Amino acid sequence: MRHGVEIGRLMAPACVLASFLLAFTVSAAAAGRASELGPEAPLTEPSGGYVGQLKVAPGHGPAGTPLTVTGEGLPAEQDFELVWRTVKGSWKVTIAEYHGREYTPVAYRIATVKSDKAGRITHGFVAPEDFGFLHDVVIQQGSRLLTQTAFHLDMTAKVVGVSSGPVGTPIAIEVQGIGWRELEGSWVLLYDNKFTGFMSAVTTGGTARFTIPATGHAGLHIVEIQHSDFGSPYRNTQQSPVAGRPNFRLDFTITPGAPMLPPPPVQQAQKVVRSLPPQGELVATPPFSGIEQPVVIKGSGFEAGKTYQLNWNTVVGNRMTSAGWEERARVIAEGKADATGRTEFRFKVPDDLGGAHNLWVDAGGTKKQGNYWIVPTALPLDVTRGPTGTTFRIRLKGVGWSETANIYTVVYDNGTSGYACAFNSQGDIEIIMQATGEPGWHFIDLYPAIYKGKETRPNNYRLPQLTYADDHPGEDLPRFRFAFEVTGGSSMASRQ
């Protein structure tokens, strides 16, 4: 019987996750992206003053709102472009450093409209899924902007799919209309008055989608979404100099029943890495993996019958001492070229930092090069149940070294609990924790984050990035989720 229960526990999260993904897809289809309004249009400027007047009704609303644009006082019986103005967002990162966010102005043509004999136009369209707050709606002709008006795209927040379920249920949250300007672009989440983490929408055009586990007692739990530029939640925005920013409350009810436990860590390993570097002349199979996995590197153009050494580059050091860090190389495998000049190198991926590692072979004074990518992986908890105070350990391998990859942040029952760094320990993270809370299941999430950088506002450093999957700067990184069952009593032995 126990075997059947465990299988059910593993299958249920997969089914619920699939339903959440479907719900996200349906929600996103309700309003097209800004880029789907039409082709890019030139960013025009007025010449010789503004011509005519433009109005949009209603003046504000969320994505999906039907809009009507009317204009008057325009040249009669002429064609014009009706244009939506917004921005494209990107992260500014180098191999090792984080420099912040960047937004580039862009315009999309909604339609070509023709004025009547009285110089009037009317056109309807749907407010797109886009960055929130103010957008210019423009009438232009050729390289000239004639006139414009503004539409305020309202933020929305909701629980997608189920709004109740047993402890451990993934709560799927969707926030649309996150802004890009100062005081509009940095939003944080609280769960039962505990700070969970921040959400971003830099490369997703103002939309954040993510899940958190349902934690705590059976009954009602409150999720809040608020603005903050400075690391911790700003609790009285209604009294701030910019008081019009919204706050959101979302409800989730935990029901009795078997917990929805996360899959084993091995099943949480990345299946796809979106940020892989080019392979080069030395081609790896597979192109990425966790540590200690077998890999084959193939190359051609070598001297037949000659033995070659494959070198593996890594970074050694830290950011905390004057010694800094340096790149080092070591021989990791040897291979002998066959009669056609082809060579294979076979080895197991070393216990090393995550991210890209340069591979190279000295082929008679020239270097043949390639790359291999180590993904972070997690080991099972050393202890998974016990009374309050029980000590348990979380272990990660293959964590990176750049300012966007060298830490993981710890969240216990949706409350942030600090961070752990992997650079000095060459990709290895060991976190020692004590089980706390009422008897029952408790959930620990490890989120990617941004360690440090040049950006001063917003200050999102060393905070859990809830939107890691869609919008993390630099590397494509996973989150890891664990569960611990607190039993009755307390553990005196764990304090020794």
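For the structure, see preceding data.
Residues numbered from 1 in each chain as written. Predicted model: local features only at pLDDT ≥ 70, side-chain atom pairs only at ≥ 80, totals over all residues. Heavy atoms only, no water.

J.: Which residues make up the side chain of Gln-426, and what are the values?
T.: When you line up the elements, Gln-426 lands in the loop between β31 (415-421) and β32 (429-434). Among the polar contacts listed, one links the side chain of Gln-426 to the side chain of Thr-314, at a separation of 3.4 Å. Of note is the side chain of Gln-426, whose polar atom sits 2.8 Å from the backbone oxygen of Val-315. When neighbours within four sequence positions are excluded, Gln-426 is seen to be in contact with Thr-314, Val-315, Val-316, Asp-351, Asp-352 and Leu-353. (Helix = DSSP H or I, 4+ residues; strand = E, 2+ residues; numbered from the N terminus. Polar contact = N/O pair within 3.5 Å; in protein donor to acceptor, adjacent residues only side chain to side chain. Contact = heavy atoms within 4.5 Å.)

J.: Can you explain the nonpolar core? Please cite residues and give values.
T.: Side chains that are nonpolar tend, in soluble globular proteins, to be buried together. Within the largest apolar cluster, 31 residues are counted, with the highest numbers of intra-cluster contacts made by Ile-173, Val-175, Leu-189, Met-199, Ile-212 and Ile-225. Elements supplying a minimum of two residues to this core: β13 (170-176), β14 (187-191), β16 (208-213), β17 (219-227), β18 (248-254) and β33 (440-448). In terms of residues, this core owes the most to one element, β18, which gives 4 residues. (Core = buried A, V, L, I, M, F, W, Y, C linked by side-chain atoms within 4.5 Å. Buried < 20%, exposed > 50% of the residue type's maximum accessible area, 1.4 Å probe, protein only.)

J.: Which residues make up the pattern of salt bridges, and what values go with them?
T.: For side chains of opposite charge, pairing can occur when their charged atoms come near one another. The full count for this structure, using the stated rule, is 24 salt bridges. A salt bridge links Asp-251 to Arg-249; the shortest N-O distance between them is 2.8 Å. When its relative accessible area of 54% is taken as the criterion, Arg-249 is described as exposed. A salt bridge links Arg-395 to Asp-428; the nearest nitrogen and oxygen atoms lie 2.9 Å apart. In this pair, Arg-395 is assigned in strand β29 (residues 391-397) and Asp-428 in the loop between β31 and β32, connecting sequence segments 33 residues apart. Salt bridges linked by common partners bring Arg-33, Glu-129, Lys-158, Glu-174 and Arg-209 together as one network. (Salt bridge = Lys/Arg side-chain N within 4 Å of Asp/Glu carboxyl O.)

J.: Requested: an account of the pairing of β16, with residues and values cited.
T.: Most of β16 is tucked away: 6 of the 6 residues are buried. Of the pairings in the sheet, the one linking β13 to β16 comprises 6 bridges and is antiparallel in character. From the neighbouring strand, Ile-173 faces β16, where its bridge partner is Phe-210. (Pairing = 2+ DSSP bridges.)

J.: An account of the pairing of strand β9 (residues 133-141) is needed here, citing residue identities and associated values.
T.: The two faces of the sheet receive side chains in turn, since in a regular strand these alternate between them. Bridging between strand β6 (residues 79-93) and β9 involves 4 bridges; their strand directions are antiparallel. Bridge pairing in β9 links Leu-82 to Ile-139. Bridging between β9 and strand β10 (residues 144-153) involves 9 bridges; their strand directions are antiparallel. Of the residues in β10, the one forming a bridge with His-135 is Phe-151. Where β9 folds back on β10, the antiparallel hairpin that results is connected by 2 residues, among which Gly-142 adopts a positive phi of roughly 65 degrees.

J.: Pulling in residues and values, what's your account of the environment of Gly-364?
T.: Counting through the fold element by element, Gly-364 comes out in the loop between β25 (355-363) and β26 (366-374). For Gly-364, a relative accessible area of 68% puts it in the exposed group. Expressed as a C-alpha distance, the spacing of Gly-364 and Tyr-308, which sit 56 residues apart in the sequence, is 9.8 Å.

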